[in-house]
Amino acid sequence: MINVTKTFLPPIEEYHNHLQRAWDNQWLTNRGELVLELEAKLKNYLSVPNIIATNNGTIPLQIALKLLGNGGEIITTPFSYVATTAAIVWENCTPVFVDIHPEYLTIDETKIEEAITPKTTAILATHVFGNPCNVAAVEVIAKKYNLKVIYDAAHAFGVTYNGKSIFEYGDISTCSFHATKLFHTGEGGAMFTNDSDLQHKMFYSHNFGHKDQLQFYGLGINGKISELQAAMGLSVFPFIDFIIDERKKIVNYYNQNLNFSKLKGLKLRKDVEWNYSYFPVIFESENKLLRVQKKMNENEIFPRRYFYPSLNTLPYLEKVKMEISEEISVKILCLPLYVGLSEVDLNKIVELINENI
Ligand SMILES: *Cc1c(COP(=O)(O)O)cnc(C)c1O
């Protein structure tokens, strides 16, 4: 069976060696030695000034919205994983959708201004599939209207844009280390900021608000990553460049062999150093997508409809129309992409697509 992704599992001995340290320390959580080491390694690898590792990639979105959203209207993208919108609603803010760019698939910055009202407090946009938003334009708008900017960079591990880490853009940037993501800790995530005041608030927010055992800086939640998760992260860490290289080969194969006269790929922004995190293709129609998906499923190949449905159509939201996002979301399919996907299987996938479009 071929799925859209397959979790990269490091040699179990490596994992065991790191777990042994947790056993020796008799220390399983509350920012032990393994978590601190993982943060230090990631900070160095990503060239970022700060990192706070977390228990998943959703809690950092909630913490960011708690600190910056202030219960207001949050301008956001309809084309992302459901966590982006759900975090807004969960934090008692109101999502205000702005449609996406038809080729980059990120929020259409030219439509943001018309969505701003006196209640708008922040913009939460996704670097979808690791493709950066137009961060320069978003920053200009945010400054003009005094809005905060949060980037859901769950897909963007290792991406650099204009020569610096994608995580350095916006007031707060978040990432996911879920098992399906490029770098993973089983469950896990991280949050980033360049602002020292925010860094302090994010840090205590992810640890119940503790100042010390008896005193509190403010409201907090449990966003802590455990030593067990850090053990997985430390075991995967030495393989990051290998993982990205292997994925690059697969992406190149798709790019060279798929029939792009009848398909569209993701258009990457200029000046991005991408991470090969996803391989979405956009069909000419939903029918063609369904036909290809059926053929693939019959062959035990299971691509995924990322992202469907368009998030503005979620059942707990008021109905609004997002023309481009709704159109793309019915026609887009993410193809299998993971370390170990064989050339035979790749060939089969390409054949099934080219024959059925
Ligand atoms: C995976 C993902 C999340 C959530 O991350 P978890 O670690 O699963 O909580 C948030 N946003 C996007 C865009 C994602 O793909």
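Conventions and cut-offs
- Residues numbered from 1 in each chain as written.
- Predicted model: local features only at pLDDT ≥ 70, side-chain atom pairs only at ≥ 80, totals over all residues.
- Heavy atoms only, no water.
- Salt bridge = Lys/Arg side-chain N within 4 Å of Asp/Glu carboxyl O.
- Helix = DSSP H or I, 4+ residues; strand = E, 2+ residues; numbered from the N terminus.
- Expected span 1.5 Å × (residues − 1).
- Buried < 20%, exposed > 50% of the residue type's maximum accessible area, 1.4 Å probe, protein only.
- Arc of directions from axis to C-beta.
- Contact = heavy atoms within 4.5 Å.
- UniProt positions renumbered as here; feature names shortened; annotations may be inferred.
- Domains from an automatic or database assignment.
- Buried area = accessible area lost by both parts, 1.4 Å probe.
- Polar contact = N/O pair within 3.5 Å; in protein donor to acceptor, adjacent residues only side chain to side chain.
- Nonpolar A, V, L, I, M, F, W, Y, C, P; charged D, E, K, R; others polar.
- Pairing = 2+ DSSP bridges.
- Axes fitted to C-alpha atoms, helices over the stretch in contact; angles between N-to-C directions.
- Phe/Tyr/Trp six-rings, centres within 6.5 Å; stacked < 30°, edge-to-face > 60°.

### Looking at the pattern of salt bridges
- Using the criterion set out here, one finds 17 salt bridges in the structure.
- Here glutamate 33 makes a salt bridge to arginine 21, at a shortest N to O gap of 2.8 Å. Residue glutamate 33 is found in helix α2 (residues 33-46), and its partner arginine 21 is found in helix α1 (residues 12-25); the two are separated by twelve residues along the sequence.
- Of the charged contacts in the structure, one is a salt bridge between arginine 31 and glutamate 39, with a shortest N-O distance of 2.7 Å.

### Brief notes about α1
- For α1, with 14 residues, the first-to-last C-alpha span of 20 Å sits near the 20 Å given by 1.5 Å per residue.
- What α1 keeps buried is the set His18, Leu19, Arg21 and Ala22. An end-on view of α1 places all buried positions within 145 degrees of arc, on one side of the element. Away from its buried face by more than 90 degrees, α1 exposes Ile12, Glu13, Asn17, Trp23 and Asp24.
- Where the residues of α1 are buried, they touch α2 and α7 (227-236).
- Downstream of α1 by one or two residues, glutamine 26 has phi in the positive range, about 50 degrees.

### Concerning the UniProt feature "modified residue: N6-(pyridoxal phosphate)lysine" (unreviewed entry) in the protein
- The UniProt entry lists Lys181 under the feature "modified residue: N6-(pyridoxal phosphate)lysine" (unreviewed entry), expressed in the numbering used here.
- Relative to the assigned elements, lysine 181 resides in the loop between β9 (172-176) and β10 (189-192).
- Setting aside anything within four residues of it in sequence, one finds lysine 181 in contact with Ala154, His155, Ser176 and Tyr278.

### A short note on the domain arrangement of the protein
- By the assigned domains, the protein splits into domain 1 (3-238) and domain 2 (241-356).
- Using C-alpha coordinates to define each centre, domain 1 is positioned 24 Å away from domain 2.
- Contacts between domain 1 and domain 2 engage 45 residues on the former and 46 residues on the latter.
- Taken together, both faces of the contact between domain 1 and domain 2 bury some 3900 Å²; the carbon and sulfur share is 64%.
- Across the pair lysine 267 and glutamate 103 runs a salt bridge whose closest N-O atoms are separated by 3.8 Å.
- Taken together, the connections running from domain 1 to domain 2 amount to 19 residue pairs in polar contact (both at pLDDT 80 or more).
- Elements that contribute at least two residues to the side of domain 1 that touches domain 2 include exactly α4 (82-90), β4 (94-97) and β7 (160-161).
- If you tally residues by element for the side of domain 1 that touches domain 2, the top one is α4, at four residues.
- Among the residues forming the side of domain 1 that touches domain 2, the class breakdown is 26 nonpolar, 13 polar and six charged.

### Focus on the sheet that holds strand β11 (residues 263-265)
- One open sheet holds the three strands; their spatial order is β11-β13-β15, and the pairing between them is antiparallel. Of all the strands in the sheet, the pair left with one neighbour each is β11 and β15 (332-334). Direction aside, the axes of adjacent strands within the sheet are offset by 30 degrees on average.
- Taken together, the three bridges between β11 and strand β13 (residues 280-283) define a ladder with antiparallel strand orientation. The partner of leucine 263 across the bridge, within β13, is phenylalanine 283.

### Some words on the packing of aromatic side chains
- Counted by the stated rule, this structure contains 18 aromatic pairs.
- With centroids separated by 5.0 Å and ring planes inclined at 20 degrees, the aromatic side chains of phenylalanine 157 and phenylalanine 183 adopt a geometry described as stacked. One end of the pair, phenylalanine 157, is in the loop between β6 (148-152) and β7; the other, phenylalanine 183, is in the loop between β9 and β10, and 26 residues separate them in sequence. When sorted by exposure, phenylalanine 157 lands in the same class as phenylalanine 183, which is buried.

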